[in-house]
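A look at the structure
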Amino acid sequence: MIAEITSASLVEWSRWQFAMTAIYHYMFVPLTLGLSFLLAIMETMWVRTGKEEWLHATKFWMKLFAVNFAIGIATGLILEFQFGSNWSNYSWFVGDIFGAPLAIEGLFAFFLEATFFAVMFLGWKKVSRGFHLTSTWMVFLGSNISALWILVANAWMQNPVGMEFNPETARNEMSDFWAVLLSPTAMNKFFHTVTSAYTLSACFVIGVSAWFILKKRHLEFARKSILLASVFGFLSILATIFTGDTSAQDVTRTQPMKLAVMEGLNKGGNGVGLTIIGISEKDPELLSDRMRTVNYGITIPKMLSFLGYRHGDAFVPGIEDILEGYTSYEGKVYPSVEQRMANGRKAIEALKIYRQAVKEKNDNLATESLALLKKNYPDFGYGYLNSPYDVIPPVSLVFYSFRIMVGLGLLFVLLFALAWWYARTRKFDKFRVIPYLAIVCVPLAYVASQCGWIVAEVGRQPWVVQDLMPTNVAVTRIASGWVVTTFWMFAVLFTLLLIAEIGIMFAQIRKGVTEPRI
Amino acid sequence: MLKRLWNIYCEGFRHLPRWGRLLLAIVLAKLLIMFVVFKLLLMPDYLNKQYTSDQEKSEHVLNILINKP
């Protein structure tokens, strides 16, 4: 009966709904994170130098920030609603750990951000320069601290640490707050996400400024904005590349299947190369139809081993190695997926026996079954899988998303260098390909951001909580038709919001700098 | 201090430009749709709606975990 209700369509529609709302939500977030930083820098320049041009620049970009902030604010709440309605088993299972960071985010960071946003936006000439500047910095801090808590919660799902499962309540309870907050996965995720958001914001500022240059309007304002944003963007993209590298090292150790899928690596080995580009295709000779072969691949020899373990001859497992079990380069033994499925089933059975033993007040049996549950708990989620191949995420989507993200990241390095040179030399009548490239890079920055999230989230399928809970267990047993209905309602609402954002923003950009012309 | 902050809000909203008023209207409409239509009517918290105590919620989730979907 339960199996019928938990049909693939319910799980799939619930996933699609969450993915769609998350994608829309993240169209608003990165600009808030990065543009608030640029605003704070611009206003600081004004307060320190007294130059009016920085004040006008601050006010212009603040208008665009306000549009993005107002339209995007609270769109993340829809995701939280979905936790309660569509993913109630998951919400209960992770409640204390996932709930704590989100509660801190809601109570502290969001209110900090929202309160100071009002002063920043409405308080010109009503508070002192110093207090206004402090408010702008607080908006930056508030938005970035919000991101920290949300990303900590997300990182815990990718690498669950610092908790203990309570078999009485079916909840994971936080045993070590600092382990959750400071896990390498959380730190890498936070810094990689915020630096990529800064990169996107720099692309946005350069793109809009480039449009002014092409229209021959506000040239000096546009030049100054490009100079500042290109330096900011260049430093941000370097930090993004660095944190991308440390994130990949973390994934190598905590989510080896995600790494194998990112690379389309079926058979691992020592001294594995990094695939720059290739075509991911079906191959009937592979073990599962979920797997893909990378054809026409161009690789850098030994680079994947080096990036993963800082050793060119290190062993990196492929999908088949993970399925069959392997010993990592660092000596950790990973059993086969079939073995982990058996461990998971033992853990589930032990939980069942434990509950029965507690009801019957059989202390010895309860202690015994609890010990068995704890021993096998790291593989708990594997007990719900029907086949070892269920652990393979969609290969092609992750493979291509990763390459698009990295490729665009490298393009942005070039863009920031060219934009800086272009603004510095003032060759506005020549090299007009540069402002066109800058404009094209605005949507591309959003594409890169979304691809990053696809790699992170699709790449960890089928897990909602890595190794502990797959999506088909996490989902609420409700009628899939209901999820389909709300899916389309969200799609309409978010599309309208996006159209409103783009429309109002374009109108403000077309108006240009309306303060005394620079 | 609080009075000053209150004045900033009141005067600020009173003197909002046209696009600012449009934004404010969008924000209010959005929050209304999200909290009234979505949260209350369409997407209530499943466990809170079905069960009153934490123990009942635990029982429900434990049953799901034990009787594999």
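Since this is a predicted model, take the numbers as computed values, not measurements.

Segmentation of chain A into domains returns domain 1 (264–330) and domain 2 (337–384). Once you take the C-alpha centre of each, domain 1 of chain A and domain 2 of chain A turn out to be 34 Å apart.

Before going further, it helps to examine the side chain of threonine 252 of chain A. By secondary structure assignment, the location of threonine 252 of chain A is in helix α9 (residues 219–254). In terms of polar contacts, threonine 252 of chain A uses its side chain to reach the backbone carbonyl oxygen of alanine 248 of chain A, at 2.6 Å.

Bringing the interface of chain B and chain A into the picture now. Facing the 43 residues of chain B at the interface are 64 residues of chain A. Summed over both sides, the interface of chain B with chain A buries roughly 4400 Å², with 78% coming from carbon and sulfur. The interface formed by chain B and chain A holds one salt bridge in total. Where chain B touches chain A, the interface holds seven residue pairs in polar contact (both at pLDDT 80 or more).

Residue and element names in this part refer to chain A. Geometrically, the link from glutamine 461 to proline 462 is a cis peptide bond, its omega value of 10° lying close to zero. Position of proline 462 among the secondary structure elements: in the loop between α16 (433–458) and β9 (463–465). Within the chain, tyrosine 296 stands out as a residue other than glycine whose phi angle is a positive 55°. Tracing the backbone shows tyrosine 296 in strand β5 (residues 293–300).

With that out of the way, let us pick up the environment of alanine 222 of chain A. Residues and elements named next belong to chain A. Along the chain, alanine 222 turns up in helix α9. Separated by 137 residues in sequence, alanine 222 and serine 85 place their C-alpha atoms 47 Å apart. In contact with alanine 222, other than residues within four places in its own chain, are Ser209, Phe212 and Ile213.

Conventions adopted
Residues numbered from 1 in each chain as written. Chains lettered and ligands numbered in written order. Predicted model: local features only at pLDDT ≥ 70, side-chain atom pairs only at ≥ 80, totals over all residues. Heavy atoms only, no water. Domains from an automatic or database assignment. Helix = DSSP H or I, 4+ residues; strand = E, 2+ residues; numbered from the N terminus. Polar contact = N/O pair within 3.5 Å; in protein donor to acceptor, adjacent residues only side chain to side chain. Contact = heavy atoms within 4.5 Å. Buried area = accessible area lost by both parts, 1.4 Å probe. Salt bridge = Lys/Arg side-chain N within 4 Å of Asp/Glu carboxyl O.

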